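One letter stands for each residue in the lines below.
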Amino acid sequence: MTSSYANAHRLFLQASMSERFFTETKAIEMYKKAYLANNVRRPTETFQEFIASINQKLNTIDMEIRKSHDETDGTPVWALVNTNGDEISKLVTEYTAVEISYFKHLIELIVTADYEEFSVSSITALREASKLKTSITKSAAESLLQKFVEDKWLILSKNGKYSLSQRAILELQVYLKETYEDNLIECTLCYDIITKGQRCDVQQCKSRFHHHCSRNYFASQTEKVCPSCKIAWKESNVIGEDNNNKSKGGSSRRKNKRATAVTREGDEEEEEEEEIEEVVAEEEDERDY
Ligand SMILES: [Zn+2]
Ligand SMILES: [Zn+2]
């Protein structure tokens, strides 16, 4: 029994390492498969217990399997994340230093956008590429932006605006919170970072809801009012791109000091994989022959 227990966790971790970012449906499928592969028809732990056991192991190497909800449609999603704040440096195997500095600059433009728009137009995104310390040509920037979207770091809307994907919000959470403390806002209901959702009609009120959090919350309420100031809640009052906060005299936000974190060089990713392998090996040692 102990043998299959440890092996199931090991298999799930390996799958998480290759997927990095996945839906909850996929996670549950991976969980069931991990047991079946070890000829265990009935999992010995519930999905929650299973994840908790893995996270207990991962804790020692500053990693975690973390849950969130996609801001656009509320889909539950999971990711294998670093919890020590240097998540962005882990991108070095996927992107060059110049590409990462462009990505960081895009994050800054998105996070510090005025009127809680949390997005940047493609025109601005391309123009900014030429302003970097090591500038990027327009065509290189175009293909790089496309890659950021393909790799699920950014979302491109039909109106040509880039915003943070749920993967970015989930995996870069520590970096985002440490670097943009003054600019980021939280959903009043789930306390997760919010860059797309609804806001209270009252300019001074801080209530902000993800669309899915709003749906869930009002489903159990008799009145559709802001929980804080009791003013009627309008779902059409959105935050994110093309909102109407500007016309309503919403405030432009303070610019944050530029991100100064230096990209760490070298084989971070390799190091990380080795660490995970060690955790995996440790579990294998616990096997009961
Ligand atoms: Zn929320
Ligand atoms: Zn309010």
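Please refer to the structure higher up on the page.
Owing to the predicted nature of the structure, the values given are computational and were not obtained by experimental measurement.

Draft legend 1. Looking closely at the pattern of salt bridges. Following the criterion strictly, the structure yields 14 salt bridges and no others. Between Arg-199 and Glu-116 there is a salt bridge, with its nearest N and O atoms 3.6 Å apart. On the criterion of sequence distance, the pair formed by Arg-199 in strand E7 (residues 197-199) and Glu-116 in the loop between helix H4 (97-111) and strand E4 (120-121) is long-range, its members being 83 residues apart. Pair check on accessibility: Arg-199 and Glu-116 agree, each one buried. Among the ionic pairs, Lys-147 bridges to Asp-151, the shortest N-O distance being 3.1 Å. A cluster of three or more residues bridged by salt bridges with shared partners is formed by Glu-116, Arg-199 and Arg-208.

Draft legend 2. Seen up close, the coordination of the zinc ion (ligand 2). Surrounding the zinc ion (ligand 2) are the protein donor atoms Cys-200 (SG), Cys-205 (SG), Cys-226 (SG) and Cys-229 (SG), at 2.3 Å. Each of the four donor atoms around the zinc ion (ligand 2) contributes to a set of angles spanning 100 to 119 degrees, which defines the coordination as tetrahedral. Of note, the zinc ion (ligand 2) draws all its donor residues from one chain, in the sequence arrangement C-x4-C-x20-C-x2-C. Of this pair, Cys-200 sits in the loop between E7 and strand E8 (208-209) while Cys-226 sits in the loop between helix H9 (211-219) and strand E9 (238-239), placing them 26 residues apart in sequence. Here Cys-200 and Cys-226 have matching classes, each one buried.

Draft legend 3. Examining the coordination of the zinc ion (ligand 1) more closely. Surrounding the zinc ion (ligand 1) are the protein donor atoms Cys-187 (SG), Cys-190 (SG), His-210 (ND1) and Cys-213 (SG), which sit 2.1 to 2.4 Å from the metal. Taken together, the four donor atoms coordinating the zinc ion (ligand 1) span angles of 97 to 118 degrees at the metal, a pattern that classifies the geometry as tetrahedral. Here the donor residues for the zinc ion (ligand 1) map to a single chain with the spacing C-x2-C-x19-H-x2-C. Placement of Cys-187 in the loop between helix H8 (173-179) and E7 and of Cys-213 in helix H9 is noted, with a sequence separation of 26 residues between them.

Scoring rules and cut-offs
Residues numbered from 1 in each chain as written. Chains lettered and ligands numbered in written order. Predicted model: local features only at pLDDT ≥ 70, side-chain atom pairs only at ≥ 80, totals over all residues. Heavy atoms only, no water. Salt bridge = Lys/Arg side-chain N within 4 Å of Asp/Glu carboxyl O. Helix = DSSP H or I, 4+ residues; strand = E, 2+ residues; numbered from the N terminus. Buried < 20%, exposed > 50% of the residue type's maximum accessible area, 1.4 Å probe, protein only. Donors = N, O, S within 2.8 Å, 3.2 Å for Na, K, Ca; no water. Tetrahedral: all angles 85-135°; square planar, octahedral: opposite > 155°, others 65-115°.

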